[in-house]
Structure formats: structure tokens, C-alpha cells
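# Fold and contact review
Here's the letter readout for the chains.
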Amino acid sequence: MQSSETLSPAGTSLETSRGSRVKILLVDDTPENLISLEAALETLGEELVSAHSGRDALRHLLEDDFAAILLDVKMPDMDGFETAELIRSRPRSRHVPILFLTGYKNEEHLFRGYDLGAVDFLFKPIVPEVLRSKVAVFVELSRKAALLEKQTAILQKTERQFRSLLEAAPDAMIICHENGNIALVNSQTETIFGYPRAELLNEHIRLLVPKWHFEMLVTPDRDAAETHTGPVPRELDALRRDGSAFPVEISLSPLQIEGGLLITTAIRDISARKRAEEERAKAEARVHQLNSHLEQLNAHLEDRVMERTEALLRSNDELAQFAYVASHDLQEPLRTVLIYTELLGRQYNEAIDEDGRKFMAYVTENARRMEQLIRDLLQFSQLEAGGESRFTQTSCDKALDEALGNLQGRIEESNALISRGPLPVVYGDQTQVCLLFQNLVINAIKYCQTDIPPSIRVAVEPQGDEWLFSVRDNGIGIEPEYTEKVFGIFKRLHGRDKPGTGMGLAICRKIVTRHSGRIWVESEPGVGSTFFFTLPKAAAELT
Ligand code: ADP
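Residues numbered from 1 in each chain as written. Predicted model: local features only at pLDDT ≥ 70, side-chain atom pairs only at ≥ 80, totals over all residues. Heavy atoms only, no water.

Of note, Gln449 is situated in the loop between helix H13 (430-446) and strand E14 (455-463). A polar atom in the side chain of Gln449 sits 3.2 Å from the backbone oxygen of Gly475. In this structure the side chain of Gln449 is engaged in a polar contact, spanning 2.8 Å, whose partner is the backbone oxygen of Gly526. Ignoring anything within four residues of it in the chain, the contact list for Gln449 reads Asn474, Gly475, Ile476, Gly526 and Val527. (Helix = DSSP H or I, 4+ residues; strand = E, 2+ residues; numbered from the N terminus. Polar contact = N/O pair within 3.5 Å; in protein donor to acceptor, adjacent residues only side chain to side chain. Contact = heavy atoms within 4.5 Å.)

Our next topic: the packing of helix H1 (residues 31-41) against helix H5 (residues 128-168). Running from N to C, H1 and H5 point in directions that differ by 65°, and their axes come no closer than 9 Å. Looking at the two axes, H1 sits roughly perpendicular to H5. Crossing hand, H1 versus H5: right-handed. Contacts from Leu37, Ala40 and Leu41 in H1 reach Pro128, Leu131, Arg132 and Val135 in H5. Across the contact of H1 with H5, the residue classes tally to six nonpolar, no polar and one charged. (Axes fitted to C-alpha atoms, helices over the stretch in contact; angles between N-to-C directions. Parallel < 35°, antiparallel > 145°, perpendicular 65-115°, else oblique. Left-handed = near helix turned anticlockwise from the far one by under 90°. Nonpolar A, V, L, I, M, F, W, Y, C, P; charged D, E, K, R; others polar.)

The subject of this paragraph is helix H14 (residues 504-514). Counting buried residues along H14, eight of its eleven residues qualify, which places the element largely inside the surrounding structure. Three or more residues of H14 are buried, namely Leu505, Ala506, Ile507, Cys508, Lys510, Ile511, Val512 and Arg514. If you follow the buried residues of H14, they end up packed against helix H10 (354-382), H13, strand E16 (519-524) and strand E17 (528-536). (Buried < 20%, exposed > 50% of the residue type's maximum accessible area, 1.4 Å probe, protein only.)

Overall, the coordinates contain zero disulfides when judged by the stated rule. The thiol sulfur of Cys396 is not disulfide-bonded, and the nearest other cysteine sulfur, from Cys434, lies at 11 Å. Accessibility expressed as a relative area gives 0% for Cys396, which makes it buried. With no disulfide of its own, Cys448 lies 18 Å from the sulfur of Cys508, the closest cysteine sulfur. (Disulfide = S-S within 2.5 Å.)

Here we take up the site of the ligand. As a matter of local geometry, the ligand sits amid 21 residues, with Asn443, Tyr447, Arg492, His494 and Leu505 nearest to it. Tyr447 places a polar side-chain atom, nitrogen or oxygen, 2.7 Å from an oxygen atom of the ligand. In this structure, Arg492 approaches the ligand through a side-chain N or O atom, which is 2.6 Å from an oxygen atom. Against a free-state accessible area of 530 Å², the protein chains account for coverage of 98% of the ligand. (Near = heavy atom within 4 Å. Areas by Shrake-Rupley, 256 points an atom, 1.4 Å probe, with all protein chains shown as cover.)

This next bit is on the nonpolar core. If you look at the biggest cluster of nonpolar residues, it comprises 42 residues, and the most contacted ones within it are Leu436, Phe437, Leu440, Phe469 and Phe533. Secondary-structure elements contributing two or more residues to this core are helix H11 (396-406), H13, E14, strand E15 (466-472), H14, E16 and E17. For this core, the leading source of residues is H13, giving ten residues. (Core = buried A, V, L, I, M, F, W, Y, C linked by side-chain atoms within 4.5 Å.)

The next thing to look at is the pattern of salt bridges. All chains considered together, the criterion is met by 29 salt bridges. Residue Arg518 is joined to Glu466 by a salt bridge in which the shortest nitrogen-to-oxygen separation is 3.0 Å. Placement of the pair is Arg518 in the loop between H14 and E16 and Glu466 in strand E15, with a sequence separation of 52 residues. For Arg518, a relative accessible area of 42% gives the class partly exposed. One network of salt bridges, in which partners are shared, links Glu235, Glu249, Arg273, Lys274 and Glu277. (Salt bridge = Lys/Arg side-chain N within 4 Å of Asp/Glu carboxyl O.)

As for its position among the elements, Glu249 is in strand E9 (residues 245-257). For Glu249 and Leu535, which are 286 residues apart along the polypeptide, the C-alpha to C-alpha distance reads 72 Å. With residues up to four places along the chain from it excluded, the contact list for Glu249 reads Pro233, Arg234, Glu235, Ala266, Ile267, Arg268, Ile270 and Arg273. Side-chain polar atoms of Glu249 contact the side chain of Arg273, separated by 3.1 Å.

Another aspect to go through is H13. For H13, built from 17 residues, the straight-helix expectation of 24 Å at 1.5 Å per residue is met to within 8% by its first-to-last C-alpha distance of 24 Å. Counting buried positions along H13 yields 15 of 17 residues, so the element is predominantly enclosed. Of the residues that open H13, the one with a side-chain oxygen 3.1 Å from the backbone nitrogen of Thr431 is Asp429. (Expected span 1.5 Å × (residues − 1).)

Time to look at the pairing of E17. Judged by how many residues are buried, E17 sits mostly within the fold: eight of nine residues are covered. With seven bridges connecting them, E15 and E17 associate as antiparallel partners. Residue pairing across strands places Glu466 opposite Pro536, the latter belonging to E17. As paired elements, E16 and E17 share six bridges and run antiparallel to each other. Of the residues in E17, the one forming a bridge with Glu524 is Gly528. (Pairing = 2+ DSSP bridges.)

Within a sheet, adjacent strands bond to each other through the backbone by hydrogen bonds, running parallel or antiparallel. Spatially, the five strands line up as an open sheet ordered E2-E1-E3-E4-E5, and their pairing is parallel. In this open sheet, the two edge strands, each paired with only one partner strand, are strand E2 (47-51) and strand E5 (118-123). Across the sheet, the mean angle from the axis of one strand to that of its neighbour is 20°, orientation sign disregarded. Taken strand by strand, helix H4 (residues 107-115) contacts strand E4 (98-102) and E5, and its axis lies near 145° from that of E5. Contacting strand E1 (23-27), strand E3 (68-72), E4 and E5, H5 runs over the sheet at an angle of about 170° to E5.

From the geometry alone we can't say anything about function, so treat these as descriptive.
Structure (C-alpha cells):
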């Protein structure tokens with residue numbers, strides 16, 4: 001391994017890789033000895049540093065790291081053993097191998113040297129080959145030791161990273177052996193389960209997850225196993241220290257190491273998620289319940305609406321029938337009143353005085369008025385008869401011609417000026433459309449200004465699926481607060497000075513409504529009124 005940064009046994013920098021040189025310290029007080037040592041070791045290719053005394057050696061050791069020290073025992077001032085003692089007392093040089101160079105071979109001498117941490121002795125006269133090979137071994141040893149130190153440091157760093165990763169995990173992380181005994185836990189495990197770390201180490205993981213089993217590593221779900229590459233999370237119950245159970249999601253991942261199999265179990269507390277799921281399920285159930293309740297209510301409401309509509313239709317029919325019967329049957333006695341009043345006037349004319357004749361005139365007038373009222377009511381009640389069966393392609397031009405024909409006398413009498421544009425064909429009841437025009441035109445003549453003759457304009461314009469008709473006059477107009485009221489039954493804004501029953505516009509509204517249209521009036525008192533109404537276009541015109 002080629003590396004520039006290495007660590008010495010004492011933790012300081014030292015060149016250790018093959019090819020890079022290490023330093024060897026040679027300590028001897030005799031210059032000739034130093035020269036012969038250098039000559040013998042030169043071929044090793046390492047950096048040789050010479051020291052002439054123990055003190056000199058200690059000074060070098062302060063500045064540098066050495067792979068080995070060759071130390072002469074017999075030196076003046078401070079001998080080799082004293083120097084070795086000081087070398088060993090310093091942390092930086094405590095483990096540097098020392099080779100003593102000595103002429104003595106006695107045992108006491110050797111023991112003292114070994115006591116001081118000597119790794120070997122070389123006896124003078126020194127044989128260069130022996131010296132070289134011994135130093136080479138120490139150099140190699142030194143290199144290996146430095147390498148080991150470096151690897152240990154890397155390993156420690158990796159372990160620190162691994163532990164901080166484990167701690168940073170949001171889940172409880174438990175590393176256990178194959179038999180389930182816990183080897184390591186992170187602090188999340190302590191928080192989630194309420195156990196101090198020490199109480200968990202070497203306990204079985206089932207203390208925390210009773211249903212934990214090693215086979216969970218092999219998923220029983222074949223499909224999931226085929227598609228899923230990582231560990232498949234499972235939902236199980238876990239137990240806290242206080243005995244309370246809570247739901248967790250756990251996933252297992254194996255790690256084969258030299259000493260056997262290690263299993264990392266990641267445990268996530270899913271209580272909050274479960275609660276949310278339950279809440280959602282409850283809310284969904286309530287929505288479902290409300291929906292079905294609403295459906296029931298709707299069905300009930302529909303039934304009620306249908307019942308009410310039927311009842312309303314029935315009462316409408318009954319009302320129409322009543323109006324018809326009443327007005328029809330009332331006509332008969334009224335005619336009798338008229339006939340007998342006339343007879344009374346003719347046969348007893350002489351016997352009746354002036355007041356009596358006046359009273360008879362009132363009776364006749366009111367009976368005629370009532371006759372008119374009944375006729376209009378009869379007409380109104382009969383508008384519904386026949387439903388849409390009388391609807392056909394109806395020419396509005398023809399309907400207006402007929403209406404104007406019926407009003408010929410009134411038109412001439414009043415000097416009315418009538419202008420008209422071409423009118424369309426509509427889908428409707430010819431008779432009723434004629435009556436509609438007739439009522440509007442007669443009103444325009446009736447409610448004219450005293451000083452100017454009536455001027456009436458009948459026009460039409462298309463508007464979507466409908467025609468928008470207008471009958472405009474230059475009459476007396478209607479005050480804004482009455483523009484809606486005038487369409488009511490028997491609603492009049494005038495007294496006897498203008499003949500009428502107040503049914504004309506009510507009949508108009510009923511006709512237009514039967515044709516699915518709308519009718520309204522826009523008016524300016526003293527200037528004139530415009531009655532607008534819509535009728536559906538004939539089928540042919542719709543495209
Ligand atoms: P009637 O004409 O028999 O009174 P209508 O139902 O036709 O009954 O009209 C109701 C009231 O609306 C009338 O009494 C009249 O006061 C007012 N009116 C109808 N048409 C016009 C019009 N063209 N100009 C002014 N007032 C009108």
C-alpha cells in the first residue's frame with residue numbers, strides 16, 4: 001500500500017511505505033565505531049542519523065521519530081542503559097526498538113538491558129551481515145506496526161461514523177447476534193422502549209418485540225420477495241419497559257461477519273400512523289353513514305315532492321273544474337235575472353216610478369258586468385283544456401290578422417295606427433296566440449292618452465331558442481310598482497270609466513306560460529308601455 005501519511009507506534013508521523021526511507025539512530029562515543037556501523041547499514045537504503053553521546057541521542061529523539069535505535073552500552077558521562085531509561089521514559093520514544101551494542105556477555109548485563117526494554121543485543125566485534133539482517137527486521141517491524149496503527153485509526157474512525165449513523169437514525173436500531181441476543185442499541189431504542197442501554201445489552205430482542213424471529217428475514221410473501229430488494233417491513237406489537245404494548249414496523253437486515261451473523265433490526269413506532277389510520281377509517285365510515293342517510297332523505301324527499309306535485313295537480317284540476325262549473329252554472333240564473341228585469345221594465349213601466357227605474361238600470365248594468373266577469377273566468381279556466389294537444393305550427397302573422405279583424409270596429413273608432421313587422425311561425429295554440437295579441441292590442445287602445453290617437457307597434461326579434469315579441473304603445477303608461485300586479489286575476493288599475501274585468505293580462509300570462517314563455521311590461525307613465533313576451537321557435541327554425 002502506497003501512502004504518504006502514516007502513524008508511528010506512538011501516534012506520530014513516520015515514513016513506513018515500501019520505497020520511502022525510515023530513520024535509524026546510531027549512538028556511539030567512538031567515531032570509528034560510528035563509521036563502521038554506517039558502512040555496514042548503508043546498503044539498507046534507510047536514513048542513518050549518528051549521535052556521539054547519550055545526550056546527543058536524546059536531542060535527536062526530541063526532533064524525530066526513528067524506526068530503530070542502535071545504542072552503545074559503554075559510553076562516558078551517560079552510558080547506554082541510562083540513555084535507554086530516559087528514552088523509555090518519554091512517550092514519543094517509548095516503543096522504539098533498541099539494539100544494545102556491547103562487548104560484555106555476562107547475564108547480569110543482559111538482564112539489565114532487557115529490563116530497560118532492549119529488543120536485542122549485538123556483541124562486539126560486530127559482524128556487518130548479522131547487524132544488517134537484525135536491523136532490517138526491526139525496520140520491517142516498525143513499518144508493519146505503523147501500518148497497523150493506521151488501520152486501527154481508520155477502523156476507529158469508521159466505527160465512530162457507524163455509531164453516529166446509528167444514533168442519527170430516526171428509528172430504534174438494534175444489532176443482535178443470530179440467536180437474538182442484543183449486541184448494540186442506539187439512543188432511540190432507549191427513548192422508545194424506556195430501557196437504559198445497559199439493561200438491554202445481552203438480553204434477547206424478544207424482550208422488546210415478543211414475536212421477533214430470525215426467519216422474518218425470509219419473507220413469506222413470495223411476490224413481495226421477488227419484487228422487493230431490501231428488507232420487507234412488518235407490523236408487530238412491541239413492549240415498553242412499563243409493560244405497555246404499541247404497534248411497530250420492523251425490518252431486518254443481515255450482516256455476515258467473521259464472528260458470525262449480525263442482524264440489524266430497525267424498529268419504527270407507528271402508533272401515531274395507526275391512530276391516524278383509525279381516525280380516517282372512522283371518518284370514512286361516518287361519511288358513508290351520512291351519505292346513505294342523505295340518500296334515504298333524498299329518496300324520501302323525492303317521494304314527498306312527487307306526492308305534493310300530484311296533490312297540487314289534483315287540486316289545480318279540481319280548481320279549474322270548479323271555476324268552469326261555477327262560471328257555467330252561474331250564467332243561467334244570471335240570464336234569468338236579466339230577462340225578468342227586462343220584462344219588469346216592459347210590463348210594469350207605468351207602475352214603477354223614477355227611482356224604481358234607476359234601481360232596475362243598476363240591476364241590469366251589474367248583471368251584465370257579472371255576465372262579462374263570468375265569461376272571462378270561464379275563458380281563463382278553459383285555457384288549460386286540451387293540454388298541448390292543440391299545439392301546432394302557428395303563424396303569428398295569421399294570429400295577429402285575426403285579432404285585428406276582431407277589433408276592427410275599436411280600431412276605427414279610436415283612429416289607432418297599427419304598424420307591424422313580419423312575424424314568425426311558432427309552435428303553439430293558434431287560438432290562444434290570437435287571444436294574446438287581441439288582449440294586448442285592445443289594452444293599448446283602451447289605455448291611450450286623451451289627446452293623441454293610439455299608435456301601436458308589434459315587432460319580434462330572435463333570442464336563442466325563442467322569439468322575443470313586443471307590443472309597444474304611446475298610452476298612459478303604468479307606474480313601476482304596478483308592472484307585476486297588473487298580471488294578477490281581476491287586478492285593475494282603473495275604475496268604471498274604462499270597461500274591463502281585470503282578466504285580460506292574467507289570461508295573457510297564462511297563455512304565454514303554457515307556451516313555456518315569459519311575459520312582462522316595461523313602462524314610463526305618460527309616455528307609453530311595451531309588453532314583451534317570448535314564445536318558443538318552431539322546430540324547423542331551431543337548427
Ligand atoms: P282590464 O283591462 O280588463 O282592466 P287587464 O288585465 O287587461 O284588465 O289589465 C289590468 C290593468 O292593467 C288595467 O286595468 C290597466 O290599468 C292596466 N293596463 C293594461 N294594459 C295597459 C296599457 N297598455 N297601458 C296602460 N295600462 C294598462
